[in-house]
Amino acid sequence: MTGCDRCHRRLGDGGPTKTDLRWTLLIMLVLIVGQCSPQMAGGGRRRNRSERCPRVRAMRNFDLPAMMGNWYVIQYFASSETLPEYSCMRSSFTTTDGFVTMNFTYYYSDDPLRNFQQGNITWVIPNFAQPAHWIHAEFTYEEIYNTYVIDTDYKSWGLIMHCAEKTKAQKYLSALMLSRTPDLTPNVVNFLREKLPRYDIDLSTMFGIPQGNCSALEGEQDPKKYFKYETL
């Protein structure tokens, strides 16, 4: 039997070939995926880049105790803010029993009375092999709110960033450039700023925080005392 005879016999016997079955299965798979895709777009949908936190590599060989103490916030970024809002922002870090707490004070820049505001954030260290990665301990934050120490020399400058993913909403990003003194040299500022765009941080809205004229008005409490208030 020749090759052509075999072809004619296969086409004429009426039975399905392996190729026919493969095409049938492929078409059925395409139809199933098409029916499931609207459902996947709901609860099981994949998040796009604007909703997902970037992958961040926390600082290696991080010395947690050396990071503790008082810092000035020299620049900040928050994805929810497009204009500078703060002056005289200062923070103090403490750690105990696997937790890290940051107490902070600041003025609103447009407040003529310079009323001091204060707050605090507490994190837990999920993995002591990576002590430069912290997770917010408060239950008020939606989903997981990660904080990373990107880099620091401990004695002069530091850079930390936060990212939170929210259900069906854009991620929230923020970053703080820290200094042990009220200012940093321009080369250090540029060095630290260059580390941030890879994490979706827009440098055009990375604002400086004035650290001059930060003394309290007459009759107000010394803001440095706020660094020592107890965390609830």
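Summarised in this report is the structure supplied together with it. Worth saying up front: this structure is predicted, and the values here are computed from it rather than measured. (Residues numbered from 1 in each chain as written. Predicted model: local features only at pLDDT ≥ 70, side-chain atom pairs only at ≥ 80, totals over all residues. Heavy atoms only, no water.)

When its secondary structure is counted, the protein chain shows 4 helices and 9 strands. In sequence order, the secondary structure elements of the protein chain are arranged as α-α-α-β-β-β-β-β-β-β-β-α-β. Excluding contacts between residues fewer than 6 apart, the proportion of contacts in the protein chain whose partners are at least 24 apart in sequence is 57%. Surface exposure of the protein chain reaches about 14600 Å², of which carbon and sulfur atoms provide 55%. (Helix = DSSP H or I, 4+ residues; strand = E, 2+ residues; numbered from the N terminus. Contact = heavy atoms within 4.5 Å. Areas by Shrake-Rupley, 256 points an atom, 1.4 Å probe, with all protein chains shown as cover.)

For the rest of this paragraph, the subject is the pairing of strand 4 (residues 117-124). In this structure, strand 3 (residues 99-108) lies alongside strand 4, joined through 8 bridges in antiparallel fashion. Along strand 4, the bridge assignment pairs Val100 with Trp123. Note that strand 4 and strand 5 (residues 133-136) share 2 bridges and pair antiparallel. Paired with Trp123 across the two strands is His136, which belongs to strand 5. (Pairing = 2+ DSSP bridges.)

Time to look at the nonpolar core. Counting residues in each nonpolar core, the largest one holds 50 residues, and the members touching the most others are Phe62, Met67, Phe93, Val100, Trp134, Met161 and Leu184. Per-element tally for this core: the top contributor is strand 1 (residues 69-78), with 6 residues. Setting aside its immediate chain neighbours within four residues, Met67 contacts Phe62, Phe93, Thr152, Tyr154, Ile160, Leu178 and Arg180. (Core = buried A, V, L, I, M, F, W, Y, C linked by side-chain atoms within 4.5 Å. Buried < 20%, exposed > 50% of the residue type's maximum accessible area, 1.4 Å probe, protein only.)

One pass over the structure, following the stated rule, counts 2 disulfides. Shown here is the disulfide that connects Cys53 with Cys163, its sulfur atoms set 2.0 Å apart. Handedness here is read from the sign of the S-S torsion; for Cys53 and Cys163, about -95°, the answer is left-handed. Remark: Cys163 occurs in strand 7 (residues 157-164) and Cys53 occurs in the loop between helix 2 (18-40) and helix 3 (64-67); sequence separation between them is 110 residues. The pair formed by Cys53 and Cys163 is uniform in burial state, with each residue classed as buried. The partner cysteine of Cys88 in its disulfide is Cys214, sulfur to sulfur 2.0 Å. Disulfide Cys88-Cys214: torsion about the S-S bond near -85°, hence left-handed. In this pair, Cys88 is assigned in strand 2 (residues 86-96) and Cys214 in the segment after strand 9 (207-208), connecting sequence segments 126 residues apart. Accessibility classification places Cys88 together with Cys214 in one group, the buried group. (Disulfide = S-S within 2.5 Å.)

With the rule as written, the count across this model stands at 13 aromatic pairs. Ring geometry for Phe93 and Trp134: centres 6.2 Å apart, planes at 55°, overall tilted. Separated by 41 residues along the polypeptide, Phe93 in strand 2 and Trp134 in strand 5 bring together distant segments of the chain. As far as the burial class goes, Phe93 and Trp134 line up, both buried. Centroid distance Phe104 to Tyr106: 6.1 Å. Interplanar angle 20°. Geometry classified as stacked. The buried category is assigned to Phe104, whose relative accessible area is 16%. Each residue in the set Tyr76, Tyr86, Phe104, Tyr106, Tyr108 and Phe207 is aromatic and connected to the rest through ring pairs, giving one cluster. Note that Arg180 overlies the ring of Trp71, its terminal NZ or CZ placed 3.7 Å from the centroid. (Phe/Tyr/Trp six-rings, centres within 6.5 Å; stacked < 30°, edge-to-face > 60°. Lys NZ or Arg CZ within 6 Å of the ring centre and 35° of its normal.)

For the structure on display, the rule yields 1 salt bridge. Residue Asp151 pairs with Lys195 through a salt bridge whose shortest N-O separation is 3.2 Å. In this pair, Asp151 is assigned in strand 6 (residues 145-152) and Lys195 in the loop between helix 4 (186-193) and strand 9, connecting sequence segments 44 residues apart. Across the pair, Lys195 and Asp151 agree in class, each one buried. (Salt bridge = Lys/Arg side-chain N within 4 Å of Asp/Glu carboxyl O.)

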